[in-house]
Amino acid sequence: HGGAPEAGLGSIEGGVERDVLAMGRVLESFGNARTARNGNSSRFGKLLRLRLRAGAQHGVGELAAQTTTYLLETSRVAGRAPGERSFHVFYELLAGLSYEGRTSLGLAAAASGHTLARISDASPSGAGNPGLEAEERRRDIERFGELRAALSGLGLKAEDETGIWEVLAAILHLGDAIPSEEDQPPEEARGDAPFVVSERSLGWAARMLGLDVDALRKVLTKKRIAIKGRRSFYEVDRTRPQAEALLRGLVVTMYGRLFKRLVASMNVAVGAGVAASAGARSGTPPAATELALLDIYGFESLATNSLEQLLINLTNERLQQLFSERCLLSEQALYQREGLTYQPVGVEDRSGAMQAVARVLDVLDDMGQQRWRGLRDATDSRFCDAALNQAGKAAGSGQKFLFPARLRSRGVARPPPGGACEPASAAFLVAHYAGKVEYSREGWLDRNEGRSSQEVEDLLDASEKKFVRGLAEQEPAVGSSGAAPRQFRSVSKQHRRDLDALLNCLNATPSVHFIRCFRPNNSQHPCHVEKAYLLEQLRSCGTVQLLQLMHQGYPNRMELREVVERFAPLLPPDLRTGSPRTLAQSLMLALGVPRGDWTLGVSQLFLKAGQLAALEDLRNGSTALEPAAVAAARRAIVRGRWQRAAVAGKCVAHLARLARQIRGAKLRRRLRAVLLATRFVARSRCLALRAQARRVVLRRRLRVVFRAAVFVVRARRLARAARTAREVAEAPARERGAVAVPTREVAAGPLP
């Protein structure tokens, strides 16, 4: 955050090897700490890139180095699990400084005199053991001398070294600025009551940081609240939790920026003139003249697991996936391409676990954005509930990697002895590749906040000391012209972005080698092996599958072309003829390599472990070909040629028979087709004749029906005409009969 250092480590004469070792010594002091499982645990990730300068010849000064760091556990400065220590540099400073040096910084003689360096509660790792504490103090004194020598060897100026010790001393004093609740009256120990600050610690912290003690006290005890729509502020008293949160943010911010400033300065000193700063962050693969060494934190399951452990375990999930792809899947794919016989080895797909962790971190970022905007319901408890809600929604799709912490099951990675995650404080459980880990409910939003408060920035920027002002984040003041509103900065998002760039860099690298480290026991005792504990580590990281594959496979391989170029002159002239496969076979037979220790693929020669060294010894003249083996190779080659000739003859005869069979089959198919065609034509003609006969019969029937219809119509017409004629003929007679009847009736009537 602090940008490039104003005065840092200058380039000096000397070998880069010495500078790289000195840089490692500085990083160990400022980045390593004692945990419950490891007395010298690296609390950050490191990628060291050694690059050969363009045009350099063999000699001193031809190399340049660049170090990229990942996710320093800065929260360890403000608090840690019982029995663990903060970063080594605090204890080395307290033990290694002279009396005059400690007096000038106002420091106590022992770590127990400062809250942030105090080791609380004994643990099986050795805390509370007087003998071990004396041994650690002796080592701290030695390491402090080595640290100062390393800083001096890298060209650190005296005023910058003094600035480093003053910042570290200020952090220790700030940790003592608010006495513990046990040292205050009950009414002052309440969270909402005013609290008492230690004037001595506050004064020493202000002196070390070059600040006005009254200004520091005011920031610690008073909170400035801006009035909306105006440029004025009003002040309210801070509660004890608010003051402790401010101090925690101040010490964590200062230490994190001090660490980054040291790394940037050492990169300038060790890698001067080499533009390698953008390599790992941007995902650029190493150059052909570059060697990169990645030292990353391992899988963690501590007494209290929070954001740092989740990000560390996510990193291990991604790297384990890379290991599976590079060492297991790619090896089996190579065997398939080369035509080798092997027993497939199953590889677990961990994409579901990585997606579950990504969902949790997305919810955390959303909650952090809400808290940054001032929403009061953005709390750690609400984040845990929202994360479990997301897990519940995904449960319908069959996810099996994120559970509520109350659903304990077998396979949970238990924390080390000396501390346990209480069910009430546990929030959720993630099934990682190395075991299931429970994560606590507290500290998520604070640890994910990558930007310090404006009050912290104003304090650092107001320092009278140039070194301390260099730790401030340079931004326009709020309310000034051109000042943009301060935005939320997510630690998890930045880490995932850096992790993606690192994985892109590793994926683009043609050759990646893995070094697996295993702990022989969980008690940190020498010469003691816990077989079950060691076997669990072997199974969880995929080493068992790799051993199964390598046992049936061939760890060494060479291109057949390379075999011809490098080893053909070692064979007698009569064995140098033939194809590259024949020459490779002759070489193996002449060297007397057992048949089960080598095999030939399509384009490569595969060797069991140790056989490549035998070839190199033969090439260097350390060994010679035995005449009996050469004679046996000649016989084997001749026998192989006769066998191939016999196989070729059999193949030709078989092909001839096969050709005859194919021709006979083709002829039979053609005859069958002709027969079918003939049958089809005959049947078609028969069907056509039948259809024609049916048409003739149909026409005849239609003709008969038509004639019958005509006859009926004509008959009806004739009948109608005849009927009409009769009616016409009968009409007069009917008329005459109707007139005569009344006449007769009158004549027959009586006389008057």
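In this text, all values refer to a predicted model and were calculated from it rather than measured experimentally.

A. Layout of a positive patch on the surface. Together, Arg-683, Arg-690, Arg-694, Arg-695, Arg-699, Arg-700, Arg-703 and Arg-707 make up a positively charged patch on the protein surface. Along the polypeptide, Arg-690 turns up in helix H23 (residues 627-747).

B. Just the side chain of Asn-313, in detail. Among the secondary structure elements, Asn-313 is positioned in helix H11 (residues 307-338). By relative accessible area, which is 0% here, Asn-313 ends up buried. Looking at Asn-313, its side chain comes within polar contact range of the main-chain nitrogen of Glu-300, at 2.9 Å. Not counting residues within four places of it along the chain, the set of residues in contact with Asn-313 comprises Phe-299, Glu-300, His-432, Val-437 and Tyr-439.

C. Layout of a nonpolar patch on the surface. Nonpolar side chains collect at one region of the surface, where Leu-655, Leu-658 and Ile-662 lie side by side and expose about 230 Å² of accessible area between them. Its location among the elements puts Leu-658 in helix H23.

D. Quick look at the sheet that holds strand S12 (residues 598-600). Here we have three strands laid out as an open sheet, ordered S11-S13-S12, and antiparallel in their pairing. Of all strands in the sheet, those with a lone pairing partner are strand S11 (556-559) and S12, marking the two edges. Between one strand axis and the next, the sheet turns by 20° as a mean value, whatever way the strands run. Two elements, S12 and strand S13 (residues 604-607), share three bridges in a ladder whose sense is antiparallel. Paired with Leu-600 across the strands is Leu-605, a residue of S13.

E. A look at the environment of Tyr-439. Note on placement: Tyr-439 falls in strand S10 (residues 435-440). Within the structure, Tyr-439 has its side chain in polar contact with the side chain of His-432 (distance 2.7 Å).

F. Region of interest: the environment of Gly-31. Topologically, Gly-31 is positioned in helix H1 (residues 16-31). The spacing of Gly-31 and Gly-45 is 14 residues in sequence and 9.2 Å in space, taken between C-alpha atoms. Among all residues touching Gly-31, those that are not within four sequence positions of it are Ser-41, Ser-42, Arg-43, Phe-44, Leu-72, Phe-87 and Phe-259.

G. Up close: helix H5 (residues 158-175). Across its 18 residues, H5 extends 26 Å between first and last C-alpha, which sits within 8% of the 26 Å expected from 1.5 Å per residue. Across the 18 residues of H5, 15 count as buried, placing the element largely inside the fold.

H. Structural context of the sheet that holds strand S3 (residues 45-52). In space, the three strands of this open sheet follow the order S4-S3-S7, with antiparallel pairing throughout. Single-partner strands in this sheet number two, and they are strand S4 (63-70) and strand S7 (290-295). Each neighbouring strand pair of the sheet contributes to a mean axis angle of 15°, computed without reference to strand direction. Note that S3 and S4 share eight bridges and pair antiparallel. Considered in S4, the bridge of Leu-47 is made with Thr-68.

I. Spotlight on the packing of H11 against helix H17 (residues 491-508). H17 packs onto H11 with a crossing angle of 15° between their chain directions and a minimal axis gap of 11 Å. Taken together, the axes of H11 and H17 are roughly parallel relative to one another. In this structure, H11 meets H17 at a crossing whose hand is right-handed. Along its contact with H11, which presents Leu-307, Leu-311, Leu-314, Thr-315, Arg-318, Leu-319, Leu-322 and Arg-326, the element H17 presents Ser-492, His-495, Arg-496, Leu-499, Asp-500, Leu-503, Leu-506, Asn-507 and Ala-508. Here the contact of H11 with H17 is composed, by residue class, of nine nonpolar, four polar and four charged.

J. Region of interest: the packing of aromatic side chains. One pass over the full model with this rule turns up 13 aromatic pairs. For the ring pair Tyr-335 and Phe-606, a centre distance of 6.2 Å and an interplane angle of 75° mean the geometry is edge-to-face. You can see Tyr-335 sitting in helix H11 and its partner Phe-606 sitting in strand S13, a full 271 residues away along the chain. For Tyr-335, a relative accessible area of 1% gives the class buried. On the basis of relative accessible area, Phe-606 is assigned to the buried category, the value being 0%. Counting every residue linked through ring pairs, the aromatic cluster contains Tyr-335, Tyr-342, Tyr-554 and Phe-606. Of note, Arg-207 hangs over the ring of Trp-204, and the distance from its end group to the ring centre comes to 4.1 Å. The residue whose ring lies beneath Arg-261 is Phe-467, and the NZ or CZ to ring-centre distance is 4.4 Å.

K. Quick look at the nonpolar core. Core analysis: the biggest nonpolar cluster contains 74 residues, and Phe-30, Phe-90, Trp-165, Leu-168 and Tyr-255 have the highest contact counts within it. Considering each element in turn, this core owes the most residues, 14 residues, to helix H9 (residues 240-270). Apart from the residues lying within four places of it in its own chain, the contact partners of Leu-168 are Phe-30, Val-89, Phe-90, Leu-93, Tyr-255 and Leu-258.

Criteria and cut-off values
- Residues numbered from 1 in each chain as written.
- Predicted model: local features only at pLDDT ≥ 70, side-chain atom pairs only at ≥ 80, totals over all residues.
- Heavy atoms only, no water.
- Patch = residues over 30% accessible without salt bridge, like charges linked within 9 Å, V, L, I, M, F, W, Y side chains within 5 Å.
- Areas by Shrake-Rupley, 256 points an atom, 1.4 Å probe, with all protein chains shown as cover.
- Salt bridge = Lys/Arg side-chain N within 4 Å of Asp/Glu carboxyl O.
- Lys, Arg positive; Asp, Glu negative; His and termini not counted.
- Charge placed at Lys NZ, Arg CZ, Asp CG, Glu CD.
- Helix = DSSP H or I, 4+ residues; strand = E, 2+ residues; numbered from the N terminus.
- Buried < 20%, exposed > 50% of the residue type's maximum accessible area, 1.4 Å probe, protein only.
- Polar contact = N/O pair within 3.5 Å; in protein donor to acceptor, adjacent residues only side chain to side chain.
- Contact = heavy atoms within 4.5 Å.
- Pairing = 2+ DSSP bridges.
- Axes fitted to C-alpha atoms, helices over the stretch in contact; angles between N-to-C directions.
- Expected span 1.5 Å × (residues − 1).
- Parallel < 35°, antiparallel > 145°, perpendicular 65-115°, else oblique.
- Left-handed = near helix turned anticlockwise from the far one by under 90°.
- Nonpolar A, V, L, I, M, F, W, Y, C, P; charged D, E, K, R; others polar.
- Phe/Tyr/Trp six-rings, centres within 6.5 Å; stacked < 30°, edge-to-face > 60°.
- Lys NZ or Arg CZ within 6 Å of the ring centre and 35° of its normal.
- Core = buried A, V, L, I, M, F, W, Y, C linked by side-chain atoms within 4.5 Å.

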